[in-house]
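Spelled out from the first residue to the last, the chains are:
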2 protein chains.
Amino acid sequence: MGGPELEQLIALLARLPGLGPRSARRAALRLLQQPETRLLPLAAAMQNAARAVKTCRVCGNLDSADPCSVCTDPSRENGLICVVESVGDLWAMDRAGIYRGLYHVLGGVLSALAGTGPDALNWPALMRRIESSRPSATPVTEVILALGATVDGATTAHWLAEQLRPMGVSVTRLAQGIPIGGALDVLDDGTLAAAMRARRSA
Amino acid sequence: MGGPELEQLIALLARLPGLGPRSARRAALRLLQQPETRLLPLAAAMQNAARAVKTCRVCGNLDSADPCSVCTDPSRENGLICVVESVGDLWAMDRAGIYRGLYHVLGGVLSALAGTGPDALNWPALMRRIESSRPSATPVTEVILALGATVDGATTAHWLAEQLRPMGVSVTRLAQGIPIGGALDVLDDGTLAAAMRARRSA
Ligand SMILES: [Zn+2]
Ligand SMILES: [Zn+2]
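This is a predicted model, so every value here is computed, not measured.

J.: Explain the UniProt feature "zinc finger region: C4-type" in chain A here, please?
T.: Per the UniProt record, the feature "zinc finger region: C4-type" sits at residues 56–71 of chain A. Secondary structure across residues 56–71 of chain A divides into 0% helix and 12% strand, with the first and last C-alpha atoms of the span separated by 8 Å.

What follows is the structure, given as structure tokens:
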């Protein structure tokens, strides 16, 4: 229905998180009814973002600046690093407005089922960040593990705490407030705030 | 957060039906994590669709062919025209698989509130289609008004039936099965099938 170009657009839209086949069809038709004001601007925004947005070489965030605007924000406490699984989790945590330190995106969690081992995670860079901060005015003193309260998240937090302990930094993790089995980036800000306030030694 | 290009992408994604600000953010980050395999192909699909897809000059459907693939389908009954409000409604009706005639997209319904009068609707073209079918082997004998069961939909059906009556065609409308206040393109196929079977004279 509608020809191959329209079918291809609907198929790709349907793969977006939050859109199913039916809503993808509605979205495609809506966009096509205003190609000049809606469809082409969205296509251009995608190409602009693909060209401009990079992975921050320091923390793994996505931003058009590298290092990202979080890493270069002079108002942040450079002695604190919050470790998150994904960029979405970083954004969710930062939007909650309860934490003003730096971040580190792990890029996943350990998973026996998915075959994700330590090699697949961005943790050696975290070690180097901590190491290289020592001669500075604000060495890293605390690493907060903000991983989801899933089995894999808890396993990863435990494993990462073991790696970090010899570095002589305080290692804490979010505790109270994260529902068991819950992903971080769908939580409300209040839950994240409670979990941050009640963080405990890992 | 993320820079102007990423913010612009999120803002435009958030205007898609079915996506809110939060799911637009998740979608943008997901796409940006695989720019070559996900983001750029979607942008290209949008540009291809914008270039290829046209409004069918006969019925108002969206398709890369003009006249559209419905209008030129030799297996359809050319003597039947089903009038719908939007292209989304046309697709919903056709997906239900209970009707094998032609369509006509009205492009809206009469609305005092929205200030939509007859001039804004694609109905003179419907009159011309009926008129020009008379010398053919399959003149239009029935027009089915498949408009939503809203006040505006019912008003429009009543008004359009008045316009069609002098043309000497049978005018029917969907009746049983459409919930009051319901939009057509969110209904399940069974409801549409029941409404089509129980259609009555308008
Ligand atoms: Zn950064
Ligand atoms: Zn057509």
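J.: Honestly, the pattern of salt bridges in this entry has me stumped. Any pointers?
T.: Here the idea is simple: oppositely charged side chains can pair when their charged atoms come close. Residues and elements named next belong to chain A. Within the structure shown, the criterion is met by 12 salt bridges over all chains. Residues Asp-66 and Arg-57 are paired through a salt bridge, measuring 3.3 Å at the closest nitrogen-oxygen approach. For Asp-66, a relative accessible area of 25% corresponds to the partly exposed category. You can call Arg-57 exposed: its relative accessible area is 63%. Within the structure, one salt-bridge network assembled from shared partners comprises Asp-73, Arg-76, Asp-94 and Arg-100.

J.: When you look at the coordination of the zinc ion (ligand 1) in this model, what are you seeing that I'm missing?
T.: Each donor-metal-donor angle would ideally measure 109.5 degrees in four-coordinate tetrahedral geometry, or 90 or 180 degrees in six-coordinate octahedral geometry. Residues and elements named next belong to chain A. Protein coordination at the zinc ion (ligand 1): the donors are Cys-56 (SG), Cys-59 (SG), Cys-68 (SG) and Cys-71 (SG), at 2.3 to 2.4 Å from the metal. Geometry at the zinc ion (ligand 1) is tetrahedral, judged from the four donor atoms that bind it and their angles of 104 to 116 degrees at the metal. Read in sequence order, the donor residues coordinating the zinc ion (ligand 1) give the pattern C-x2-C-x8-C-x2-C.

J.: Looking at this structure, I do not really get the environment of B:Arg57. What am I missing?
T.: Among the secondary structure elements, B:Arg57 is positioned in the loop between strand E1 (54–55) and strand E2 (62–63). Along the primary structure B:Arg57 and B:Met196 are separated by 139 residues, whereas in three dimensions their C-alpha atoms are 26 Å apart.

J.: Got a minute to help me understand the interface of chain B and chain A in this structure?
T.: Interfaces are often sized by the amount of accessible area the parts lose when they come together. Of the residues lining the interface, 55 residues belong to chain B; the matching set on chain A comes to 56 residues. The largest contributions to the chain B side of the interface with chain A come from B:Met1, B:Met46 and B:Trp91, which together make up 15% of the buried area. Counting the contacts that link chain B with chain A gives seven residue pairs in polar contact (both at pLDDT 80 or more). The set of elements that each furnish at least two residues to the side of chain B that touches chain A consists of helix H1 (4–13), helix H2 (21–33), helix H3 (35–52), E2 and helix H4 (87–95) of chain B. The dominant element in the side of chain B that touches chain A, judged by the number of residues it contributes, is H3(B), at 13 residues. Looking at the side of chain B that touches chain A, its residues break down into 32 nonpolar, 12 polar and 11 charged.

J.: Quick question: what am I supposed to make of the domain arrangement of chain A here?
T.: Partitioning chain A into domains gives domain 1 (2–51) and domain 2 (75–171). Spacing between the C-alpha centres of domain 1 of chain A and domain 2 of chain A amounts to 36 Å.

J.: Teacher, can you tell me more about helix H6 (residues 151–164) of chain B here?
T.: Since one α-helical turn is 3.6 residues long, residues separated by three or four positions face the same way. Residues and elements named next belong to chain B. For H6, built from 14 residues, the straight-helix expectation of 20 Å at 1.5 Å per residue is met to within 8% by its first-to-last C-alpha distance of 20 Å. Residues of H6 that are buried: Gly-153, Thr-156, Ala-157, Trp-159, Leu-160, Ala-161 and Leu-164. The secondary structure elements touched by the buried residues of H6 are strand E3 (77–84), helix H5 (124–133), strand E5 (142–145) and strand E6 (170–173).

J.: Would you mind going over the coordination of the zinc ion (ligand 2) with me for this structure?
T.: Within the protein, B:Cys56 (SG), B:Cys59 (SG), B:Cys68 (SG) and B:Cys71 (SG) serve as the donor atoms for the zinc ion (ligand 2), at 2.3 to 2.4 Å. Counting gaps between the donor residues of the zinc ion (ligand 2) yields the pattern C-x2-C-x8-C-x2-C.

J.: Got a minute to help me understand the nonpolar core in this structure?
T.: Ranked by internal contacts, the top residues of the largest apolar core, which has 92 residues, are A:Leu13, A:Met46, B:Leu13 and B:Met46. Residue contacts for B:Met46: discarding those within four places in its chain leaves A:Leu9, A:Leu13, A:Leu31, A:Leu39, A:Leu42, A:Ala43 and A:Met46.

J.: Sorry, what's going on with the environment of B:Leu80 here?
T.: Residue and element names in this part refer to chain B. If you trace the backbone, Leu-80 turns up in strand E3. Overall, Leu-80 belongs to the buried group, its relative accessible area being 13%. C-alpha of Leu-80 to C-alpha of Arg-134: the two residues are 54 residues apart in sequence and 13 Å apart in space. Residues contacting Leu-80, with those up to four places away along its chain left out, are Tyr-99, Gly-101, Leu-102, Glu-142 and Ile-144.

J.: What exactly am I supposed to notice about the relation of the copies chain B and chain A here?
T.: Rotating chain B by 180 degrees and translating it 0.0 Å along the rotation axis places it on chain A, where the RMSD comes to 0.1 Å. Interpreted geometrically, this transformation is the action of a two-fold axis. Taking C-alpha positions as reference, the residue of chain B nearest the rotation axis is B:Ala43, located at 2.2 Å. Most of the interface of chain B is mirrored in chain A: 100% of its interface residues are interface residues there too.

J.: Just to check I follow, could you spell out the pairing of strand E5 (residues 142–145) of chain A for this structure?
T.: Regular strands have side chains that alternate between both faces of the sheet. Residue and element names in this part refer to chain A. Judged by which residues are buried, E5 turns out to be covered on both faces: Glu-142 and Ile-144 on one side and Val-143 and Leu-145 on the other are all buried. In terms of strand pairing, strand E3 (residues 77–84) meets E5 through four bridges, oriented parallel. Bridge pairing in E5 links Val-83 to Leu-145. Summarising the sheet, E5 and strand E6 (residues 170–173) pair through four bridges and their orientation is parallel.

What counts as what
Residues numbered from 1 in each chain as written. Chains lettered and ligands numbered in written order. Predicted model: local features only at pLDDT ≥ 70, side-chain atom pairs only at ≥ 80, totals over all residues. Heavy atoms only, no water. UniProt positions renumbered as here; feature names shortened; annotations may be inferred. Helix = DSSP H or I, 4+ residues; strand = E, 2+ residues; numbered from the N terminus. Salt bridge = Lys/Arg side-chain N within 4 Å of Asp/Glu carboxyl O. Buried < 20%, exposed > 50% of the residue type's maximum accessible area, 1.4 Å probe, protein only. Donors = N, O, S within 2.8 Å, 3.2 Å for Na, K, Ca; no water. Tetrahedral: all angles 85-135°; square planar, octahedral: opposite > 155°, others 65-115°. Contact = heavy atoms within 4.5 Å. Buried area = accessible area lost by both parts, 1.4 Å probe. Polar contact = N/O pair within 3.5 Å; in protein donor to acceptor, adjacent residues only side chain to side chain. Nonpolar A, V, L, I, M, F, W, Y, C, P; charged D, E, K, R; others polar. Domains from an automatic or database assignment. Expected span 1.5 Å × (residues − 1). Core = buried A, V, L, I, M, F, W, Y, C linked by side-chain atoms within 4.5 Å. Least-squares fit on C-alpha atoms with pLDDT ≥ 70 in both. Pairing = 2+ DSSP bridges.

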